[in-house]
Amino acid sequence: MPALNNKGSDIACEEDAMAEFDFAPSKWVPFRDKAVLDYVRHITREEITKREPGWHPEFNVQVVPDDMLEWIWVADMFKRIKASDDEDRPVTLVLPNPAHSYKKVALLLNTCGVNCRNLHVYIMDEYADEHGTIAPPSYPASFFRATMNYLYREIDPALRPPERQMHGPTNENLNDYGKMIAEMGGADAIYTGPGWVGHVAFIEPATAESPEFQAASLEEWMQLGPRIVTLHPFTIAQNSLHGCFGLSGDVANVPPRAFTIGPAEVVGAKYRMEFNSMTTMGTFVSWQRLMTRLILHGPVTPLVPTSLHQKLKTDYLVSETIAANIEPNWNVGY
């Protein structure tokens, strides 16, 4: 007697269950438009670069191999620093905290003997405690500490910029940090990547949980500058998976607040590169796959801060892993 095939009935049961069971996203989810979320989660690998009507003409979205994305960014940093040496002119970079990548930039600079005397660095964000006190460089998870260790101190001492040209936010300069970047003519380049809730730097979604970037309009929001912010619960969960916190979900060990640049510093940069490639320890598991689609193909809104790039000239790079289709895999748990 042939084995019974229940595949058709299983599918029918699943469809019936979906029709009968519906729910609103958790209150912690900043962007809650179910129709938009359903639309973007069904965008395929082939469709992810399709242009939307509201995109800036030079909003350039590319899908690149996983092993090339980091090198595209490293090469761009190297190119700009080398040009500043060749042409003897200042270059201002606003940097995130993918610490180990900076060692590759330093290796290229050292190998090619590039003098970094004209380099000015501003890190874009830094942890803070519940009172808004910004973490000092002595704090092991400090972003400025990581940038100094993995970039500045990896550069040959004879080639380093003066240490005073390496800038991190402090409680003394936080009110002037945006002005300091503006006085350099704005960033020559800023490099960013989205968080779980779509933050850019630590510009969190404008919600009751993280109210510091609320504004009356999108235009007003895009002009907001640096400030201390309350980290969204999903951001704390994301950061608890970082190596500096033990990769263990230790949410109690992640500082609750942070300093960050504002949308104005992103808008004011001469060049923007956004990279979407973060996975869990190099696996297929990622919290960026859905968010990347929402950033690219959802509305431009303070509820999804990185979506502002749609309105700007930006090189937006997506790894093949992040561009992969969003599909259930019933053979995998966590």
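Criteria and thresholds
Residues numbered from 1 in each chain as written. Predicted model: local features only at pLDDT ≥ 70, side-chain atom pairs only at ≥ 80, totals over all residues. Heavy atoms only, no water. Disulfide = S-S within 2.5 Å. Phe/Tyr/Trp six-rings, centres within 6.5 Å; stacked < 30°, edge-to-face > 60°. Helix = DSSP H or I, 4+ residues; strand = E, 2+ residues; numbered from the N terminus. Buried < 20%, exposed > 50% of the residue type's maximum accessible area, 1.4 Å probe, protein only. Lys NZ or Arg CZ within 6 Å of the ring centre and 35° of its normal. Salt bridge = Lys/Arg side-chain N within 4 Å of Asp/Glu carboxyl O. Contact = heavy atoms within 4.5 Å. Polar contact = N/O pair within 3.5 Å; in protein donor to acceptor, adjacent residues only side chain to side chain. Right-handed = clockwise from strand over helix to strand, strands pointing away. Pairing = 2+ DSSP bridges.

Scanning the model with the defined rule gives 0 disulfides in all. Cys116 takes part in no disulfide bond, and the closest cysteine sulfur, belonging to Cys112, lies 11 Å away.

Our next topic: the packing of aromatic side chains. Applying the stated criterion to the full structure yields 15 aromatic pairs. Ring geometry for Trp73 versus Phe275: centroids 5.0 Å apart, planes at 35°, classification tilted. Of this pair, Trp73 sits in helix 3 (residues 66-86) while Phe275 sits in strand 9 (residues 272-276), and the two are 202 residues apart along the sequence. The exposure classification of Trp73 matches that of Phe275, with both residues buried. Its end group placed over the ring of Tyr271, Arg80 keeps NZ or CZ at 4.2 Å from the ring centre.

A positive phi angle is found at Ala201, which is not glycine, with a value near 55°. Along the chain, the position of Ala201 falls in the loop between strand 6 (189-192) and helix 7 (218-221). Overall, Ala201 belongs to the buried group, its relative accessible area being 6%. Phi angles above zero are rare outside glycine, and Met281 is one such case at about 55°. Owing to a relative accessible area of 66%, Met281 belongs among the exposed residues under this scheme.

With that out of the way, let us pick up the pattern of salt bridges. All chains considered together, the criterion is met by 13 salt bridges. Of the charged contacts, one joins Arg117 and Asp85 as a salt bridge, the two residues approaching to 2.5 Å between their closest N and O atoms. Here Arg117, found in the loop between helix 4 (99-111) and strand 3 (119-123), pairs with Asp85, found in helix 3; they are 32 residues apart in sequence, far enough to count as distant. Linked through salt bridges whose partners overlap, the residues forming this network are Asp76, Lys79 and Arg80.

Turning our eyes to something else, we now look at the environment of Tyr191. Assignment of secondary structure puts Tyr191 in strand 6. Classification of Tyr191 as buried rests on a relative accessible area of 0%. Separated by 14 residues in the primary sequence, Tyr191 and Pro205 place their C-alpha atoms 19 Å from one another. With near-sequence residues (within four places) excluded, Tyr191 lies in contact with Trp73, Asp76, Met77, Arg80, Leu93, Val94, Leu95, Pro96, Met124, Tyr271, Met273 and Phe275. A distance of 2.7 Å separates the side chain of Tyr191 from the side chain of Asp76, its partner in a polar contact.

Another aspect to go through is the pairing of strand 2 (residues 91-95). When you tally the buried positions in strand 2, you get 5 out of 5 residues, the bulk of the element. Residue alternation in strand 2 divides its side chains into two sets, Val91, Leu93 and Leu95 and Thr92 and Val94, and both sets are buried. A crossover links strand 2 with its parallel partner strand 3, the connecting element being helix 4, and its sense is right-handed. As defined by bridge partners, strand 2 adjoins strand 6 across 2 bridges and the pair is classed as parallel. Paired with Val94 across the bridge in strand 6 is Ile190.

A few words on the environment of Val121. Secondary-structure assignment places Val121 in strand 3. As for Val121 and Phe259, which are separated by 138 residues in sequence, their C-alpha atoms are 16 Å apart. Not counting residues within four places of it along the chain, the set of residues in contact with Val121 comprises Leu93, Leu95, Thr147, Leu151, Gln165, Met166 and His167.

Every second residue of strand 8 (residues 257-260) is oriented toward a common face, with Arg257 and Phe259 on one face and Ala258 and Thr260 on the other, all of them buried. In this sheet, strand 8 lies alongside strand 4 (residues 125-128) in antiparallel orientation, the contact comprising 4 bridges. Each residue of the ladder has a partner; that of Ala128, found in strand 8, is Arg257. Direction of pairing for strand 7 (residues 227-230) relative to strand 8: antiparallel, over a ladder of 4 bridges. Looking at the pairing, Thr230 lines up with Arg257 of strand 8.

Ordered by their spatial adjacency, 7 strands build an open sheet running 1-10-9-6-2-3-5, and the pairing between neighbours is parallel. Two strands close off the open sheet at either side, each with one partner strand: strand 1 (59-64) and strand 5 (166-167). Across 3 bridges, the pairing between strand 6 and strand 9 is parallel. Counterpart to Tyr191 in the pairing with strand 9 is Met273.

This brings us to the environment of Gly193. Here Gly193 lies in the loop between strand 6 and helix 7. According to the relative accessible area criterion, Gly193 is partly exposed, its value standing at 25%. Between the C-alpha atom of Gly193 and that of Gly246, which follows or precedes it by 53 residues, the distance is 21 Å. Leaving out residues up to four positions away in the same chain, Gly193 has contacts with His199, Glu274 and Phe275.

Read these as spatial facts, not as claims about activity.
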